[in-house]
Every structure is written in structure tokens, then in C-alpha cells.
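Breakdown of the fold
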Amino acid sequence: MPIINKVIEIETEQGINIYNITPHINDFIASTSIKNGQVLVFSRHTTTALAINENEERLLEDIKVFLRKLAPESDRYLHNDLHLRVVPEDEPMNAHSHLMAMMLSTSEVIPIVDGKLALGTWQSVLFLELDGARKRTVFFQIYGESA
Amino acid sequence: MPIINKVIEIETEQGINIYNITPHINDFIASTSIKNGQVLVFSRHTTTALAINENEERLLEDIKVFLRKLAPESDRYLHNDLHLRVVPEDEPMNAHSHLMAMMLSTSEVIPIVDGKLALGTWQSVLFLELDGARKRTVFFQIYGESA
Amino acid sequence: MPIINKVIEIETEQGINIYNITPHINDFIASTSIKNGQVLVFSRHTTTALAINENEERLLEDIKVFLRKLAPESDRYLHNDLHLRVVPEDEPMNAHSHLMAMMLSTSEVIPIVDGKLALGTWQSVLFLELDGARKRTVFFQIYGESA
């Protein structure tokens, strides 16, 4: 039963932005011979996250409003006292982004059946940039049976 | 090392309702020969979710109150402007349900030891209907060693 | 492909406390021959949780403030009516801790590449005590290829 890894790169924009990475995962599965198994999706940053939900443009805007209210950027955070920390000159004040990421997912495991993601009808795998703009990576790992 | 899948169906009631699906998972494990490994539990809807917590009836009521406050149904959501979207006639106004689902889990992986879920004493696997009433499905995938 | 389990014990202090368990996971991986695969980390309590984020001391304080505001201990919870439940004499009033745990993670799956956790630069695996003080356990399960 092979284990195959892939890292994709996403160049994000400033602020909260949501990217549908389901097509990347589908392409990855199709590039392997795995028919029955699972794929692990792993967000590799502390101010990005994953969610599995509906990729409907107006809902994505609701999600942004919701997250901004959940962890307001304007709140007082100790992590944002950059003068009290040893940090690079371009360190962002992004405690709110860390908190949003923590409330969402870092790892998701999705079953594969008949060589396809066994997602429900309305489910998409969403990658959330919560700080940006940056070059970000998402890790995929697939394993399972070929036949 | 076999990989075995199962889909269970749950007929939910209207509103937020919480179902303990641990017995279904236990039955599934018992129906296989897997003794050491893990089970993937996957919620296949954008307005349902999973949580692993205590199945205590008063706590379940606290969870409902908490979720209703976290993402109030009465808030203004763009996703609920049904006249601006291409949707079926019976499309529900359920942006709040999507947001609740996003804050909970879609996938959980639970270790199996000696042919049993290695849950802690007070842990149950809970399936949360956040919109309802509907026919819902939950996906189980088990794999591991038989001996 | 072997599956290897390990349980670690953490003696926590009273209140919300955050422990970096990444070194424990690294030690566990190093004690096996697995080079390519994944590790499942599983929190075995209903008032503890996992998060993968930055282990920066001021951010950890922000996280505590955020969680206390998200599910205030002083709110009214049905689960805290101990006189209406059948419970031991030392049962804590900890509904808020259950709600915090539910909003964080119980299971996380992390890829292993070249015998090391494939975490991003700033990611650490954090174990959150949300009630305490107690003896707590965290379950690790590794599997993958040795070569």
C-alpha cells in the first residue's frame, strides 16, 4: 500500500481570503493509482487553516465577516507587542489571524472511494488565508489500495 | 492491511440536534477483524458536524445554547439572500448552520486498540445536526492489523 | 507497514494551561523506524484539546484570554447544576471547559517525511488543559514505511 506525498503552493492576497483547493486534491488523486483509501490535507502555517464547507461566494463573504467578529484585529493582544519580542523587522501584528486559524482546522482526512473523494454534494475543501499576502504551502498525503 | 468502508444514515429532526454515534462505530469495528489501527469518521454535509465530547444531556443543551449565540440565526448573512442566488424553491436560510459546522469538525480519526475505540472515559463521538430535518449520512473508514 | 502506539502522561496545573508536546512526538518518531507516513495525535479527555499553532509565550496568553471570553466560566450552564445530576462529590463545574474543548481539536494527523514531522516553520503541537489540575493522557499512533 503506497504512501504518496505532494506539496502545493498558493500565492495568497492580503487579508482573509478563501481558496477552493478541491481541484488540486482531485488532480493529485488522479495522478496516483489509489482507488480505496484516504487523503490527508495539512495546512503548514500558523495563520492559515482548512475548512470543509460550501464554496458559495456569498457564504465565503459571511465567513470572513464571522471570523473578523470572532477575533477582531483591533483587540489588544500581547503577541502584537512586537517591541517586547525578538522578531524580524517586517513581523506582522497578526494575533487575530493565529486565533482564527486555531478555531478552524489544520489537518483534515478525507476518504477516497472508487478513486474519488467521498465528499458530500455541497462539500469543498477550502484553504483560508487569514493574514497574507504570502506564498503558502499545503501538504497532501495519500495512501490506500490500487484495485 | 484491509481498508473497510461503511456509510450510516441518520434521520434528523428540525433545528440543532445532537446524536451519539459511538455505538454505530463500535458495531462497525466489531463487524471487522481489525484489532490495532484507526477509524476515520467523516461528516458528509455542510450543515452537520462532528465533536468528541461528553454525552451528558444537560451539557448537550448547553452546547446548543452556545452554538446559537456563536452564530445567531437572526444575524444578517449574504448567503441567506436567496433571491440573489440560483437555488431550489425549498432552499433553507441556513448561513448560521454553515458557520457552526465550520467551527466544529468534519473529520475525526480515532485510534483502535485491542479491537476497541481508544476513547477516554467520558468521550463519545457526537454527530451534530445544525439545520435539519434531513436524511444525513456519516462515513466510516477503518484500517489496521487483524492480529 | 507497522502501526505503533504510545500514550504519554501530562500532569497539568489548575486552569487553562498550554503544553508544547512536539518534543514528545519527535521522540516517539525517532524511537521507531518510520521514515514516510503519519502520526495521529489524540486528546483523550472532554476538557482538554489539541491545537497546532505557534508556541510563542505571549500568544499563548492571548489564547487563554480568547478562550475565556469565548466560553465564560461565569455564564449559566445546565451542566453545572451538579445537584440535578448523579456525580461524584468532587465533580467540577466545568461546562465552559467542555465548550472550549469542543471548539478546538481532539484528533490531529501530521505527515512524516524523511523520519521527521512535516510541520511548517512556526507550527508546534499544543496540548491544552482547559480545566485541571489532573493527570492527563495523549495518545500517539504512527504508521508508515521504514525505507
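Below or above, wherever it landed, is the structure these notes cover.

What counts as what
Residues numbered from 1 in each chain as written. Chains lettered and ligands numbered in written order. Predicted model: local features only at pLDDT ≥ 70, side-chain atom pairs only at ≥ 80, totals over all residues. Heavy atoms only, no water. Contact = heavy atoms within 4.5 Å. Buried area = accessible area lost by both parts, 1.4 Å probe. Salt bridge = Lys/Arg side-chain N within 4 Å of Asp/Glu carboxyl O. Polar contact = N/O pair within 3.5 Å; in protein donor to acceptor, adjacent residues only side chain to side chain. Least-squares fit on C-alpha atoms with pLDDT ≥ 70 in both. Pairing = 2+ DSSP bridges. Helix = DSSP H or I, 4+ residues; strand = E, 2+ residues; numbered from the N terminus. Axes fitted to C-alpha atoms, helices over the stretch in contact; angles between N-to-C directions.

1. Here's the deal with the interface of chain B and chain A
Taken together, the contact between chain B and chain A spans 32 residues of the former and 35 residues of the latter. For the pair chain B and chain A, the summed buried area comes to about 2800 Å², and 59% of that belongs to carbon and sulfur atoms. Considering only the surface of chain B that becomes buried against chain A, Ile 3, Met 102 and Met 103 of chain B emerge as the three largest contributors, covering 22% of it. Summed over the shared surface of chain B and chain A, the number is 3 salt bridges. Measuring nitrogen to oxygen at the nearest pair gives 3.7 Å for the salt bridge that ties Glu 56 of chain A to Arg 85 of chain B. The interface formed by chain B and chain A includes 19 residue pairs in polar contact (both at pLDDT 80 or more).

2. Topic: the relation of the copies chain C and chain B
Of the two same-sequence chains, chain C is brought onto chain B (RMSD 0.0 Å, axial shift 0.0 Å) by a rotation of 120°. On the angle and the small slide along the axis, the relation comes out as a three-fold axis. Minimal C-alpha separation from the rotation axis in chain C is found for Met 103 of chain C, amounting to 3.7 Å.

3. Comments concerning the sheet that holds strand S4 (residues 48-53) of chain C
Residues and elements named next belong to chain C. Taking strand neighbours across the sheet as the criterion, the 3 strands line up as S2-S7-S4 in an open arrangement whose pairing is antiparallel. In the strand order of this sheet, the two ends are held by strand S2 (17-20) and S4, each with one partner. Neighbour-to-neighbour, the strand axes of this sheet turn through a mean angle of 30°, independent of strand direction.

4. Some thoughts on the interface of chain C and chain B
Taken together, the contact pairs 32 residues of chain C with 35 residues of chain B. Summed over both partners, the interface of chain C with chain B comes to about 2800 Å²; 60% of that surface belongs to carbon and sulfur atoms. Contact with chain B buries surface across chain C, with Ile 3, Met 102 and Met 103 of chain C losing the most and accounting together for 23% of the total. Our enumeration of links across chain C and chain B arrives at 3 salt bridges. Its salt-bridge partner being Asp 75 of chain C, residue Lys 69 of chain B comes within 3.3 Å of it at the nearest N-O pair.

In short, the description is geometric, and any link to function would need to be established separately.
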